[in-house]
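What follows is the residue order along each chain.
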There are 2 protein chains.
Amino acid sequence: MPSENEMMNALSAVIDPELGRSIVELKMVRDLIWDSSGVVSFNLVLTIPGCPLKDQMASDARKVLMALPGVKDVVVNFSAMTEAEKKAAFAQGRSAVPKLNQFNQVRQIIAVMSGKGGVGKSTVTAMLAVALCRKGLKVGILDADITGSSIPKLFGLPSGGLRSAEQGMLPAVTGIGLKVVSINLLLKGEDVPVIWRGPMISSAIRQFWGETLWGKLDYLLIDLPPGTSDAALSVMQDIPIDGVLLVTTPQGLSAMVVRKAVHMIRQLNIRVLGLVENLSYFICPDNGKRYDIFGPSHSGEIAEIAGAPAFAALPIDPVIAAKCDAGRVEDVVSAEIDRLVEQIIK
Amino acid sequence: MPSENEMMNALSAVIDPELGRSIVELKMVRDLIWDSSGVVSFNLVLTIPGCPLKDQMASDARKVLMALPGVKDVVVNFSAMTEAEKKAAFAQGRSAVPKLNQFNQVRQIIAVMSGKGGVGKSTVTAMLAVALCRKGLKVGILDADITGSSIPKLFGLPSGGLRSAEQGMLPAVTGIGLKVVSINLLLKGEDVPVIWRGPMISSAIRQFWGETLWGKLDYLLIDLPPGTSDAALSVMQDIPIDGVLLVTTPQGLSAMVVRKAVHMIRQLNIRVLGLVENLSYFICPDNGKRYDIFGPSHSGEIAEIAGAPAFAALPIDPVIAAKCDAGRVEDVVSAEIDRLVEQIIK
């Protein structure tokens, strides 16, 4: 029979597809026993009881063990981790992340998140970055929306605009001196699709963080895609963010999905800095009346759940939308955003 | 030294994290050679040249081979698949999918997609399903938006509303008889976050398709989340959809991201049935004037790229939004949606 060491070595090739790391590293293999008839059995300790990927991991484990000389059969039993063990497993995923390049110095990292799509995360991120920059601060934007990248278009940055130096990737620089890293700057055209599964998305975000020469920054803003899957997990687990700025809209459907994001942020022990409600209302240019097109605000309720202040309510402004579509977000001036900046700096 | 068979057996435990299948199954291992000094080398043929996950796979492969008795060193060389080989590899991923349950008979499967978030995919899906149902057709909705599930809320379906029978999961049934399967029907509360990486998302979608007792349906509509990642890939590769209904909004930023989705759909050889522009304009209730709040339409341009007709332009309607937020999408009557249904049926 192979030794325990040999069996553990073989099992270290079995990857938990969710965490992207070996089941041995994650301490998911316990009570490995074998008998002289060649039967090996062990306990596969899952991060989530009833994890839908457990059969795949068990079948992978069976394969690698059966390949060892002398092993006639493999029995995999399942159990689940305690909360503490689970935390340790997820923390371990984190330790594999490249550290921020030694040439970089970033003072504050803020992720802009919603959970929900189309609420204007990218526009808010871009306007906020511009307003911070106007205050004389050094600002960067890491576009973590790999499949729906919008930041370069807002600044009129062309595809293919990223260069590499020996020490890492060089961000693109906008007219007023903002540094931007985004997948769309690496593509041949702005509408080339990025058809990637989760592990590739996480890997790209980690590279944008760890292998970019950001230099000295006062603020790094991270524009997150919708959802609470790979991109959000990677940013929250792999990048030492200082907090999350939540973006929402008045619609009840949005509010529900944003609440999911809030619960995720809390589960990962990250701080919500505050809440911005976008597309809040429309001022009719002809009669000057305010129309709550997407319904009444849900900001108060979300702010309460998040334990954070509702910073601002931004109107639907066709002039801002047109400037953004034209790549001229740097020309946008908004009193609401300037007030938001004051609150963020505080 | 171990035999070629033993080495291939060991390597079959190494998983391509993107495709979620073994590198041996995917025929990514070629030219396996070894010498008497214990050095094994092989070619790892990647689906994408320069795949960022190649180092992980190489390191996993090294581990399993080094664990075999007699192996002293492992050398992994990289090369890339031809287009034909790549197709075969992706097709193989497909074959692992559960077939639609034998008790089911589904005539037409339409995915509703945008690429962009917040354009109203779920609302359009729900209104379309209701309108088809009113025509006496049997209709189901598969909610493939795992992290931002909205369909149950639109129909006022409570969390925890899915049951299981011996042959599979039983869909929830709405007031007018629509069948719905959605992750939010399995959660303890509508705002519980689903913090899952890609493989879990794909696995859930495959279960919603293959392990649900849909019964006899004229139309199954699939509500896709934003993005061109796991959910979109799983629906397009694992479910035999008849075509995609695209949803967009007038904003230029949306149009760019929707074009990404169109290119993805074409790359996967799937048909775009037509295009719906949502949030097209706002009719002021006081002066009756039309305001193109999100800018001029980009429908024509996208329809041309997609090679499909622009079916409809839906206004921003606060009354519809309020009914949707209240879970009463079945009370919505819309002449535009009725016309859309006629075009879909054709």
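What you see is a predicted model, and the numbers here were worked out from it, not measured in a lab. (Residues numbered from 1 in each chain as written. Chains lettered and ligands numbered in written order. Predicted model: local features only at pLDDT ≥ 70, side-chain atom pairs only at ≥ 80, totals over all residues. Heavy atoms only, no water.)

Asks: Can you help me understand the packing of aromatic side chains in this one?
Replies: Note on aromatic pairs: each is described by the distance of the centres and the angle between the planes. Under the criterion given, the structure shown has three aromatic pairs over all chains. Ring centres of Phe282 of chain A and Phe282 of chain B lie 5.9 Å apart, and the angle between their planes is 80 degrees; on these two criteria the pair is classed as edge-to-face. Highlighted residues: Phe282 of chain A in strand β15 (residues 282–283) and Phe282 of chain B in strand β15 (residues 282–283), drawn from two different chains. Note on Phe282 of chain A: relative accessible area 2%, which makes it buried. (Phe/Tyr/Trp six-rings, centres within 6.5 Å; stacked < 30°, edge-to-face > 60°. Helix = DSSP H or I, 4+ residues; strand = E, 2+ residues; numbered from the N terminus. Buried < 20%, exposed > 50% of the residue type's maximum accessible area, 1.4 Å probe, protein only.)

Asks: Just checking my understanding: could you explain the environment of Pro152 of chain B for this structure?
Replies: All names here are of chain B. Position of Pro152 among the secondary structure elements: in helix α5 (residues 151–154). Note on Pro152: relative accessible area 3%, which makes it buried. For the pair Pro152 and Gly215, spaced 63 residues apart in sequence, the C-alpha to C-alpha distance is 20 Å. Among residues more than four places away in sequence, those in contact with Pro152 are Asp143, Leu157, Ser182, Asn184 and Leu185. (Contact = heavy atoms within 4.5 Å.)

Asks: What is the right way to read the packing of helix α6 (residues 198–210) of chain B against helix α7 (residues 230–238) of chain B from this model?
Replies: Residues and elements named next belong to chain B. Where α6 contacts α7, the two axes come as close as 9 Å, and the packing angle between them is 40 degrees. In terms of orientation, α6 and α7 fall into the oblique class. Of the two possible hands of crossing, α6 and α7 adopt the one that is right-handed. Only Asp230, Ala231, Ser234, Val235 and Asp238 of α7 make contact with α6, whose side of the interface consists of Gly198, Pro199, Ile201, Ser202, Ile205, Arg206 and Trp209. Split by residue class, the contact of α6 with α7 holds six nonpolar, three polar and three charged. (Axes fitted to C-alpha atoms, helices over the stretch in contact; angles between N-to-C directions. Parallel < 35°, antiparallel > 145°, perpendicular 65-115°, else oblique. Left-handed = near helix turned anticlockwise from the far one by under 90°. Nonpolar A, V, L, I, M, F, W, Y, C, P; charged D, E, K, R; others polar.)

Asks: Help me understand the pairing of strand β4 (residues 39–46) of chain B in this model?
Replies: The side chains of a regular strand alternate, residue by residue, between the two faces of the sheet. Residue and element names in this part refer to chain B. When you tally the buried positions in β4, you get seven out of eight residues, the bulk of the element. As paired strands, strand β3 (residues 29–34) and β4 are joined by four bridges and run antiparallel to one another. Across the sheet, Val29 pairs through a bridge with Leu44, a residue of β4. Following β3, the chain reverses through four residues before pairing antiparallel with β4; Gly38 in that reversal takes a positive phi of roughly 95 degrees. Where β4 meets strand β5 (residues 73–80), eight bridges bridge the pair, whose relative direction is parallel. Residue pairing across strands places Asn43 opposite Asn77, the latter belonging to β5. Of the crossover connections in this fold, the one passing from β4 over helix α2 (residues 54–66) to the parallel β5 is right-handed. (Pairing = 2+ DSSP bridges. Right-handed = clockwise from strand over helix to strand, strands pointing away.)

Asks: Looking at this structure, how should I read the sheet that holds strand β4 (residues 39–46) of chain A?
Replies: The strands that make up a sheet are held in pairs by hydrogen bonds between backbone atoms, and each pair lies either parallel or antiparallel. All names here are of chain A. In space, the three strands of this open sheet follow the order β3-β4-β5, with mixed pairing throughout. One side of each edge strand has no neighbouring strand; the edge strands of this open sheet are β3 (29–34) and β5 (73–80). Adjacent strand axes in the sheet meet at a mean angle of 15 degrees when their direction is disregarded. Packed on one face of the sheet, helix α2 (residues 54–66) meets β4 and β5 and runs near 145 degrees to β5.

Asks: Could you clarify how one ought to interpret helix α10 (residues 318–325) of chain A in this entry?
Replies: Each full turn of the α-helix corresponds to 3.6 residues, which orients residues three or four apart in the same direction. Residue and element names in this part refer to chain A. Looking at α10, one finds that the buried residues are Ile320, Ala321 and Cys324. Each buried residue of α10 sits inside an arc of 100 degrees when the element is viewed along its axis, so together they form one side. Summarising the contacts, the buried residues of α10 are in contact with α4 (121–134) and α5 (151–155). The backbone nitrogen of Val319 has a side-chain oxygen 2.9 Å away, supplied by the residue at the start of α10, namely Asp317. In the segment just after α10, Gly327 is the residue with positive phi, at about 75 degrees. (Arc of directions from axis to C-beta. Polar contact = N/O pair within 3.5 Å; in protein donor to acceptor, adjacent residues only side chain to side chain.)

Asks: Help me understand the environment of Trp196 of chain A in this model?
Replies: Locating Trp196 of chain A in the fold gives a position in the loop between β11 (179–181) and α6 (198–210). As a C-alpha pair, Trp196 of chain A and Phe103 of chain A span 93 residues in sequence and 30 Å in three-dimensional space.

Asks: Honestly, the side chain of Glu277 of chain A in this entry has me stumped. Any pointers?
Replies: Residues and elements named next belong to chain A. Among the structural elements, Glu277 can be located in strand β14 (residues 272–277). It turns out Glu277 is buried and unbridged, and the closest side chain with the opposite charge, Arg290, is 6.1 Å from it. In contact with Glu277, not counting residues within four places along its chain, are Thr248, Thr249, Pro250, Ser297, His298, Ser299, Ala312, Ala313 and Leu314. (Lys, Arg positive; Asp, Glu negative; His and termini not counted. Salt bridge = Lys/Arg side-chain N within 4 Å of Asp/Glu carboxyl O.)

Asks: Whenever I open this one, the pattern of salt bridges confuses me. Can you help?
Replies: Should the charged atoms of two oppositely charged side chains come close, the side chains can pair. For the structure on display, the rule yields 28 salt bridges over all chains. For Glu190 of chain B, the salt bridge identified is with Arg259 of chain A, shortest N-O distance 2.8 Å. Highlighted residues: Glu190 of chain B in the loop between β11 (179–181) and α6 and Arg259 of chain A in helix α8 (residues 252–267), drawn from two different chains. Arg290 of chain B is the partner of Asp292 of chain B in a salt bridge, and the nearest nitrogen-oxygen pair spans 3.0 Å. Salt bridges linked by common partners bring Lys153, Glu190 and Asp191 of chain A together with Arg259 and Glu301 of chain B together as one network.

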